[in-house]
Amino acid sequence: MTKKRRDQKRAFIRAYQNKLKQGEIEDSSRILYDLIKTPFIEDQNILKGLPFINPDNLFSCTQQFLMMRVLDFEFIEQINLAFGRSNNEIKHPLPPLWRKRLEEKHAIKAKTFHNHLLWLQFLFYWFFIGYLSAYYEWFKNFFSAKNDQFKNHSYSFFYQLTKNNLPLKSSTNDYENNTIISWFAKRNDTSGNIFSNVILDKPLKINHHNVYGSNSPWPRIKEVWDIGGLLIWSVVFFFKGLVKFLQGNFVIPMMSREVMLAKCVQYTDRDRLPKRYLFHNSGFFFRPLWTYIAQNKGCQIILYYYSTSDLWLQTKEGDANRYNPYHIMTWPEYWIWNEYQLSFLNRFLTYDFKYKIVGPIWFSSTSIKSLKKLPKKGIAIFDIEPKRDSYEFKVYYPVNYYGYQLSKQFFLDLTYIAEKHNINLFIKRKRLNKLEHKGYEKLINIISNKSNIYLIDSGIAAKSLIEKSVSVITMPFSTPANIAHILGKPSVFYDPFNMTIPKDPAAHGLKIFTNKKELEAWIISTI
């Protein structure tokens, strides 16, 4: 980006911020919520024509796809930039009905030739790239190694994991147990082999479970005629999709990857599919289209929550969650921590769903470094690091809470109390990234030089540090507070700005301190 473009963008941002302070414009989260409720097609009959796919499922999947690929961070940034322009013009690919809605409801200029071209470019990309990427997934399946463990419909498959989600070998030759695979393997109500998309050099053995890696979430299609039939179908589908693209019917072409993967699952033997597919809540909006086919073949489709940070925090100004788009989720079963998460699901979901309250779900760990060198007594501190202003401009949190000033006051208060009473603080930050506020980085570097402050490797699981600590203090409303409570450790949230409300459901019943003196008294009582 040239200096001229950067300066222009900064000017738009300043103009937007001034208008927002003066109440002249809407919050971007409200606009996003309104669009996701607005139909993206005029006639749902255009979703018919694929005998193996329920049109209602295709509609839901397309809505979720648009939420993920169109109403993304770039959209939020473009909305905010539009309000910074004199003519309120947005420059972003959107379906025609959504462009119309922006103009008529929100006074944002969207029905432009430029946006029409951006939308066609978006459709062209997802039609051809989606088609080719689906072919790639097919051929990974066709040429995957034969695996005799794909049988008897008795195994479980974890989708979208990384190596960080697999157990690590420790110095005692035991597998570190704070990952989703080890958590699942050690449950009493699970059986059979465990698969994930992470390729392993050799299978793992955990608590009588064999753990395998596979480059395809489905068993290999065995029969030559099935592979031939699938390839012939794909050629016909391509030309049908091209015709629909030229006719202006964008759904089928745009969803070409999802449709083709669903077709692959249709060709897969029912008795060789897993007993359950498990997805984590990082991608909770989008449910792949192929999972509907797998569900019809008897597979459990489960979304599990490895965190309790579900809701935007409520403030004295009101509940921002009324603009939360969770209602578009369509998962048939949820594994959750507690009744608070069940209440959250019941609030947003209008369909009948299954659920299982399973307690805390461990997810990932990238380090097996020992915590033995820490002092015997100390308080674990978990914060939520502030992002740079350029990033905050792209997110649609309706409450401006997690900024640098909050982090600064949070740590100033804690370090003051700790120095006054000679208390050790174990500070564990989230994974380090380039989006952190520069002032926050300097603040952490300054306080880390104090003799009673210990910075903990971000790769160490929160559970491991909590077990080493006497109590836990967390910035609202990060998950470690609930982990500590479940492990029997004294645990509270601390809001130095007093913006939260005492009974916020996001706190899951835990105490929220907003006064430094009250927090100090509580800390002394736990040491």
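Residues numbered from 1 in each chain as written. Predicted model: local features only at pLDDT ≥ 70, side-chain atom pairs only at ≥ 80, totals over all residues. Heavy atoms only, no water.

A.B. asks: What exactly am I supposed to notice about the packing of helix α3 (residues 55-69) against helix α6 (residues 113-142) here?
C.D. replies: Two quantities define a packed helix pair, namely the angle between the helix axes and the distance between the axes. It is the contact of α3 with α6, at a shortest axis distance of 14 Å, that shows an interaxial angle of 115°. With respect to their mutual orientation, α3 and α6 come out roughly perpendicular. Judged by the twist between their axes, the crossing of α3 over α6 is right-handed. For the pair formed by α3 and α6, the contact residues are Phe65, Leu66 and Arg69 on the first element and Trp119, Phe122 and Trp126 on the second. Split by residue class, the contact of α3 with α6 holds five nonpolar, no polar and one charged. (Axes fitted to C-alpha atoms, helices over the stretch in contact; angles between N-to-C directions. Helix = DSSP H or I, 4+ residues; strand = E, 2+ residues; numbered from the N terminus. Parallel < 35°, antiparallel > 145°, perpendicular 65-115°, else oblique. Left-handed = near helix turned anticlockwise from the far one by under 90°. Contact = heavy atoms within 4.5 Å. Nonpolar A, V, L, I, M, F, W, Y, C, P; charged D, E, K, R; others polar.)

A.B. asks: What exactly am I supposed to notice about the pattern of salt bridges here?
C.D. replies: Opposite charge on two side chains permits pairing when their charged atoms draw close. For the structure on display, the rule yields four salt bridges. Of the charged contacts in the structure, one is a salt bridge between Asp34 and Arg101, with a shortest N-O distance of 2.8 Å. Separated by 67 residues along the polypeptide, Asp34 in helix α2 (residues 28-37) and Arg101 in helix α5 (residues 96-106) bring together distant segments of the chain. (Salt bridge = Lys/Arg side-chain N within 4 Å of Asp/Glu carboxyl O.)

A.B. asks: Would you take a moment to explain the packing of aromatic side chains for this structure?
C.D. replies: Where two aromatic rings form a pair, the distance of their centres and the angle of their planes describe that pair. One pass over the structure, following the stated rule, counts 48 aromatic pairs. Summarising the aromatic geometry, the rings of Tyr125 and Trp126 are spaced 5.2 Å apart at their centres and angled 85° between planes, so their arrangement reads as edge-to-face. Exposure remark for Tyr125: the relative accessible area of 42% places this residue in the partly exposed category. Among the residues examined, Trp126 registers a relative accessible area of 13% and is labelled buried. Consider the rings of Phe238 and Phe239, whose centres lie 5.4 Å apart with planes at 85°: the pair is edge-to-face. (Phe/Tyr/Trp six-rings, centres within 6.5 Å; stacked < 30°, edge-to-face > 60°. Buried < 20%, exposed > 50% of the residue type's maximum accessible area, 1.4 Å probe, protein only.)

A.B. asks: How do you make sense of helix α8 (residues 224-247) when you look at a structure like this?
C.D. replies: Along an α-helix, a turn takes 3.6 residues, which lines up residues three or four apart on a common side. Taking 1.5 Å of rise per residue, the 24 residues of α8 would be expected to cover 34 Å, and the 35 Å separating its terminal C-alpha atoms lies within 8% of that figure. On its buried face, α8 is in contact with α6, α9 (251-254) and α10 (256-266). Count one or two residues on from α8 and you reach Gly248, which has phi positive near 95°. (Expected span 1.5 Å × (residues − 1).)

A.B. asks: Would you mind showing me how to read the pairing of strand β9 (residues 379-382) here?
C.D. replies: The side chains of a regular strand alternate between both faces of the sheet. The two faces of β9 match: Ile379 and Ile381 on one face and Ala380 and Phe382 on the other face are all buried. By the bridge criterion, four bridges tie β9 to strand β10 (residues 425-428) in an arrangement that is parallel. Its bridge partner being in β10, Ala380 is matched across the sheet by Phe426. Sheet topology places β9 next to strand β12 (residues 471-474); four bridges connect them, and they run parallel. Looking across to β12, one finds that Phe382 is bridged to Thr474. (Pairing = 2+ DSSP bridges.)

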